[in-house]
Amino acid sequence: MVVEPEHAAVNGRERPQRPQTTHGEVADELRARIRSGRLRPGERMPTQAQLADEFGVERGAVRRALRILQSERLLTNVSRGSPATVAPDPYGVQDGPEARPMPTTAALAPRIAAAFAADHVEIDALCLTSVSLTLALGEALRQIHAGRLKPAKVDVRVLLPSSDIDLAFPVAVTGGAAGGPVHERWLAMRNAQGQVLQHNLLSLRATHGIDVHVSFRALPFTPPVKLYVLNGAEALFAYYTLGRREREIDHEQLETYDAEGIRSTLFAFEQGDGLRDGVFVKQSRLWFDALWGTISSELLLTN
């Protein structure tokens, strides 16, 4: 029997195996190659066998990684047969007046990751629950843990509706009394997502020595829009569009007026892309600062 070198015994002891690469790490690396242009739109990927050999994983892990990228619309033709293909327009035009508006989940993550390339990251967010922001930060955090990004300082400010107000939405279509189950469900989501966001960011202090500050304040109204201002140089804006939606709350089906925030179309404006965009970014930052410093109040993610 031939013993593989990485498992060969040394002084009677078996040499420890190298940590197994996960399908998520494979997806992260391939995503980075697409974003950097190493894998170009329309280009065929290496075969699954070649990728499995390169990353030292089973083909099943490669297939799971490719399906993740297909779900993000970065790859097409993902199957057991021929190699996958980089999507013809995986990101489209992301910046400037020609930018193609995209749903929040698709548009926000790459912009947040790009913002984390700065030495001092500043993110201001006004939203209903911070679900989209928490999800979007995942890509930047993965790149930090992979050693591809390391800002020195991160400041995040989040404005969320107060728990003390009667929300305009989400609310039950009938019998929407204050403090009812729809409100309690929203409040639990607001608090849970805010706590996850805070924990994920503050953990960077211990793991990477990054100076991180996360602050929340409460608004006395329901925001009809969501806004993200990144490093004072870019503003991303979306409307909360309401509709009637069935929700199961406490094992009961309730009809509500609610918005799908993660699917809201996000419009991007950036400094340097013309007078209109520059003014919009500046006014967005001024508007956020005004709310932060005047009518908002301390927010504890426990009530």
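These numbers were taken from a predicted model, which means no experiment stands behind them. (Residues numbered from 1 in each chain as written. Predicted model: local features only at pLDDT ≥ 70, side-chain atom pairs only at ≥ 80, totals over all residues. Heavy atoms only, no water.)

Enquirer: Help me understand the overall build of the protein, please; the structure alone is not making it clear to me.
Expert: If you tally the helices and strands in the protein, you get seven helices and 15 strands. Per-residue burial over the protein gives 44% buried out of 303 residues. In the protein, once contacts between residues fewer than 6 apart in sequence are set aside, the share between residues at least 24 apart is 71%. For the protein, the accessible surface area stands at approximately 16000 Å², while carbon and sulfur atoms represent 51% of it. (Helix = DSSP H or I, 4+ residues; strand = E, 2+ residues; numbered from the N terminus. Buried < 20%, exposed > 50% of the residue type's maximum accessible area, 1.4 Å probe, protein only. Contact = heavy atoms within 4.5 Å. Areas by Shrake-Rupley, 256 points an atom, 1.4 Å probe, with all protein chains shown as cover.)

Enquirer: Hey, could you run me through the confidence of the model for the protein in this one?
Expert: Interpretation of the predicted coordinates at a detailed level should be avoided for regions scoring low in pLDDT. Here the protein averages 85 in pLDDT, and 85% of its residues register 70 or above. Below a pLDDT of 50 lies the segment residues 91-98, which in the model reaches 21 contacts outside its immediate sequence neighbourhood of four places, other chains included. (pLDDT = per-residue confidence, 0-100.)

Enquirer: What am I meant to see in the packing of aromatic side chains here?
Expert: The description of an aromatic ring pair uses the distance of the two centres, along with the angle that the planes make with each other. One pass over the structure, following the stated rule, counts five aromatic pairs. An angle of 85° between the planes, with centres 5.9 Å apart, marks the rings of Phe237 and Phe280 as edge-to-face. In this pair, Phe237 sits in strand β11 (residues 234-239) while Phe280 sits in helix α7 (residues 275-293), placing the two residues 43 residues apart along the sequence. For Phe280, a relative accessible area of 25% gives the class partly exposed. Taken together, Phe237, Tyr239, Phe269 and Phe280 form an aromatic cluster joined through their ring pairs. The ring of Trp292 carries Arg157 above its face, with NZ or CZ at 5.2 Å from the centroid. (Phe/Tyr/Trp six-rings, centres within 6.5 Å; stacked < 30°, edge-to-face > 60°. Lys NZ or Arg CZ within 6 Å of the ring centre and 35° of its normal.)

Enquirer: Please explain the sheet that holds strand β13 (residues 252-259) as it appears in this structure.
Expert: Whether parallel or antiparallel, the strands of a sheet pair through hydrogen bonds between backbone atoms. Strand order across the open sheet formed by three strands is β8-β13-β12, with antiparallel pairing between neighbours. The open sheet has two edge strands, β8 (171-172) and β12 (242-249), and neither has a second partner. Bridge count between β12 and β13: eight bridges; the pairing is antiparallel. Bridged to Glu246 within β13 is Glu255. Of the strands in this sheet, β8, β12 and β13 touch helix α6 (residues 181-208), which is tilted by about 90° from β12. (Pairing = 2+ DSSP bridges. Axes fitted to C-alpha atoms, helices over the stretch in contact; angles between N-to-C directions.)

Enquirer: Is there a simple way to explain helix α5 (residues 131-145) in this structure?
Expert: For an α-helix, the turn length of 3.6 residues means that residues three or four places apart are oriented alike. Counted at 1.5 Å a residue, the expected span for α5 with its 15 residues is 21 Å, and the 21 Å between its end C-alpha atoms agrees. By the largest-angle criterion, Gly138 marks the main kink of α5, which is about 30°. Within the span of α5, buried status applies to Val131, Ser132, Leu133, Thr134, Ala136, Leu137, Gly138, Glu139, Ala140, Leu141, Gln143 and Ile144. One or two positions beyond α5, positive phi appears at Gly147, with a value near 85°. (Expected span 1.5 Å × (residues − 1). Bend = angle between axes of the 7 residues up to and from the residue.)

Enquirer: What am I meant to see in α7 here?
Expert: When the terminal C-alpha atoms of α7 are compared, their 27 Å separation across 19 residues agrees well with the 27 Å that a helix rising 1.5 Å per residue should span. For α7, the set of buried residues is Asp277, Gly278, Val281, Ser284, Phe288, Leu291 and Trp292. Elements that come into contact with the buried residues of α7 comprise β6 (120-126), β7 (153-161), β9 (211-219), β10 (225-230), β11 and β14 (265-270).

Enquirer: Could you clarify how one ought to interpret the packing of helix α2 (residues 48-55) against helix α3 (residues 59-71) in this entry?
Expert: How two helices pack is summed up by the angle between their axes together with the distance between the axes. Relative orientation of the contacting elements α2 and α3 amounts to 105°, with a least axis distance of 9 Å. Accordingly, the angle class assigned to the pair α2 and α3 is roughly perpendicular. Residues Gln48, Ala49, Leu51 and Ala52 of α2 lie in contact with α3, whose contacting residues are Arg59, Val62, Arg63 and Leu66. Among the residues making up the contact of α2 with α3, the classes are represented as five nonpolar, one polar and two charged. (Parallel < 35°, antiparallel > 145°, perpendicular 65-115°, else oblique. Nonpolar A, V, L, I, M, F, W, Y, C, P; charged D, E, K, R; others polar.)

Enquirer: Hey, could you run me through the layout of surface pockets in this one?
Expert: Empty space among the atoms can be located by rolling a probe the size of a water molecule over them. By volume, the second largest pocket amounts to about 360 Å³. For the second largest pocket, the lining is made up of 21 residues, of which Thr129, Met189, Asp258, Ala259 and Gly261 are closest to its centre. Secondary-structure elements contributing two or more residues to the lining of the second largest pocket are α5, α6, β10, β12 and β13. Among the residues forming the lining of the second largest pocket, the class breakdown is twelve nonpolar, four polar and five charged. (1 Å grid on protein atoms, 1.4 Å probe; cavity = no way out; pocket = protein on both sides within 12 Å on 5 of 7 lines; lining within 4 Å. Points joined across faces, edges and corners; volume = space filled by probe spheres on them.)

Enquirer: I tried to follow the pattern of salt bridges on my own but got confused; where do I start?
Expert: Pairing is possible between side chains of opposite charge, provided their charged atoms come close. In total, this model carries 18 salt bridges according to the counting rule given. A salt bridge links Glu139 to Arg31, with the nearest nitrogen and oxygen atoms 3.3 Å apart. Of the two residues, Glu139 is situated in helix α5 and Arg31 in helix α1 (residues 23-36); the sequence distance between them amounts to 108 residues. Both residues of the pair, Glu139 and Arg31, count as buried. Among the ionic pairs, Asp289 bridges to Arg157, the shortest N-O distance being 2.6 Å. You can see Asp289 sitting in helix α7 and its partner Arg157 sitting in strand β7, a full 132 residues away along the chain. (Salt bridge = Lys/Arg side-chain N within 4 Å of Asp/Glu carboxyl O.)

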